[in-house]
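Below, each chain spelled out in residue letters.
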Amino acid sequence: MRATLMRRAWESTLELFFPAACAVCQEDGASRGGLCPPCQRQVSTAHVYIPGPRSLRCPPVIAARPYDRTASAVLNAYKETPRRELATCLAQAMAQPLRLAQEEIGRSGRTPVVVGIPSTSAARGRRGFDHMEVLLRLLRAQKVFLHGYQALRVSRRADSVGLSLSQRERAAFDSLSLRPRAAGVLGGCAVILVDDVVTTGATLSAAAAALRAAGIEVASAVTFAAAPNRLAPEQRTSSNQR
Ligand SMILES: [Zn+2]
């Protein structure tokens, strides 16, 4: 803990004398948002990217952009280095997909509720903050959504390297639990899961399964970035079986 605090103090001091480079192109002249003006425009301009379906268990995803080098650079800088100023442009980019997801639910007269995918306490401790909590707080403050509830909790998750997709999904499912009041609070609502990125869809599928097991409806998911869908044969088979 002490080492983390000292590292952060040192990084803040460095930042004071050597203003940060753009988190994407590494050029000098990043604005207070952490990106140079062209990269800022590229990241935060309203885009909507709808990747193909993953599996029947994974709710349909609406993302701000494909998971490309730009998206990966921004997310990595935001989560793994002390570049929290990037939260503003990430939230800006996610506003449009989140509005679309809510409109879709609103058309059927249901109430959309945002549920963020939680970080493990190990990840929170390492980063010194909860990256999704910060993004959701910004989006809520800007009235992009009205209803949110942190329904999910996550315990320690085993390393997923080398696991198959269904094993990843199982590991994610086993690490998730619902807050005791979740079913009561979310009954009759339609949940939008929100995460920073979707790659295989294992985490979103597991989160949706945990909520659905308690009778909660999961309508869709919104992420900043989404990898193009690569439906594995295993995934195709399991979705056909359901
Ligand atoms: Zn740049």
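Our subject is the structure listed above.
In this text, all values refer to a predicted model and were calculated from it rather than measured experimentally.

Student: How should I be thinking about the overall build of the protein chain in this particular structure?
Tutor: Along the protein chain, the regular secondary structure elements total 10 helices and 6 strands. Counting the 242 residues in the protein chain, one finds 39% classified as buried. For the protein chain, long-range pairs separated by at least 24 residues make up 75% of all intrachain contacts whose partners lie at least 6 apart in sequence.

Student: What exactly am I supposed to notice about the pairing of strand 1 (residues 61–66) here?
Tutor: For a regular strand, the rule is simple: side chains alternate between the two faces of the sheet. A large share of strand 1 lies buried, amounting to 5 of its 6 residues. Looking at chain direction, strand 1 and strand 6 (residues 217–226) are connected through 5 bridges and run parallel. Opposite Val61, over in strand 6, you have Ala221 as the bridge partner.

Student: For this particular structure, what's the right way to read the packing of helix 7 (residues 165–175) against helix 9 (residues 202–213)?
Tutor: A pair of packed helices is captured by two measures, namely the crossing angle of their axes and the spacing between those axes. Direction vectors running N to C along helix 7 and helix 9 enclose 45°, while the axes themselves pass 8 Å from each other. The orientation of helix 7 relative to helix 9 falls into the category oblique. Where helix 7 crosses over helix 9, the handedness of that crossing is right-handed. Residues Leu165, Arg168, Glu169, Ala172 and Phe173 of helix 7 form the contact with helix 9, whose participating residues are Ala202, Thr203, Ser205, Ala206, Ala209 and Ala210.

Student: Which parts of the structure should I look at to understand the sheet that holds strand 2 (residues 111–116)?
Tutor: An order of 1-6-5-2 is seen for the 4 strands of this open sheet, with the pairing classed as parallel. Of all strands in the sheet, those with a lone pairing partner are strand 1 and strand 2, marking the two edges. Across the sheet, the mean angle from the axis of one strand to that of its neighbour is 20°, orientation sign disregarded. Contacts from helix 4 (residues 87–106) reach strand 1, strand 2, strand 5 (189–198) and strand 6, with the element oriented near 155° to strand 6. Along the sheet face, helix 9 touches strand 5 and strand 6 and points at about 160° away from the line of strand 5.

Student: I keep staring at the environment of Arg110 and nothing clicks. Help me out?
Tutor: Along the chain, Arg110 turns up in the loop between helix 4 and strand 2. C-alpha separation for the pair Arg110 and Val191, spaced 81 residues apart in sequence, amounts to 9.9 Å. Discounting residues that sit within four places of it in the chain, Arg110 has contacts with Ile105, Cys189 and Ala190.

Student: Help me out: how do you make sense of helix 7 in this one?
Tutor: Note: α-helices contain 3.6 residues per turn, so residues at a spacing of three or four share the same orientation. When helix 7 is considered as a whole, its buried residues turn out to be Arg168, Glu169 and Ala172. Looking straight down helix 7, one finds its buried side chains confined to an arc of 95°; they lie on one side. Against the buried residues of helix 7 lie strand 4 (176–178) and helix 9.

Student: What am I meant to see in the nonpolar core here?
Tutor: Note that soluble globular proteins tend to have their nonpolar side chains buried in a common cluster. Counting residues in each nonpolar core, the largest one holds 64 residues, and the members touching the most others are Leu90, Met94, Val191, Leu193 and Ala207. The contacts of Met94, once residues within four sequence positions are left out, are Ala64, Leu135, Leu139, Val222 and Phe224.

Definitions and limits used
- Residues numbered from 1 in each chain as written.
- Predicted model: local features only at pLDDT ≥ 70, side-chain atom pairs only at ≥ 80, totals over all residues.
- Helix = DSSP H or I, 4+ residues; strand = E, 2+ residues; numbered from the N terminus.
- Buried ≥ 20, exposed ≤ 12 C-beta atoms within 10 Å, placed from the backbone.
- Contact = placed C-beta atoms within 7 Å.
- Pairing = 2+ DSSP bridges.
- Axes fitted to C-alpha atoms, helices over the stretch in contact; angles between N-to-C directions.
- Parallel < 35°, antiparallel > 145°, perpendicular 65-115°, else oblique.
- Left-handed = near helix turned anticlockwise from the far one by under 90°.
- Arc of directions from axis to C-beta.
- Core = buried A, V, L, I, M, F, W, Y, C linked by C-beta atoms within 7 Å.

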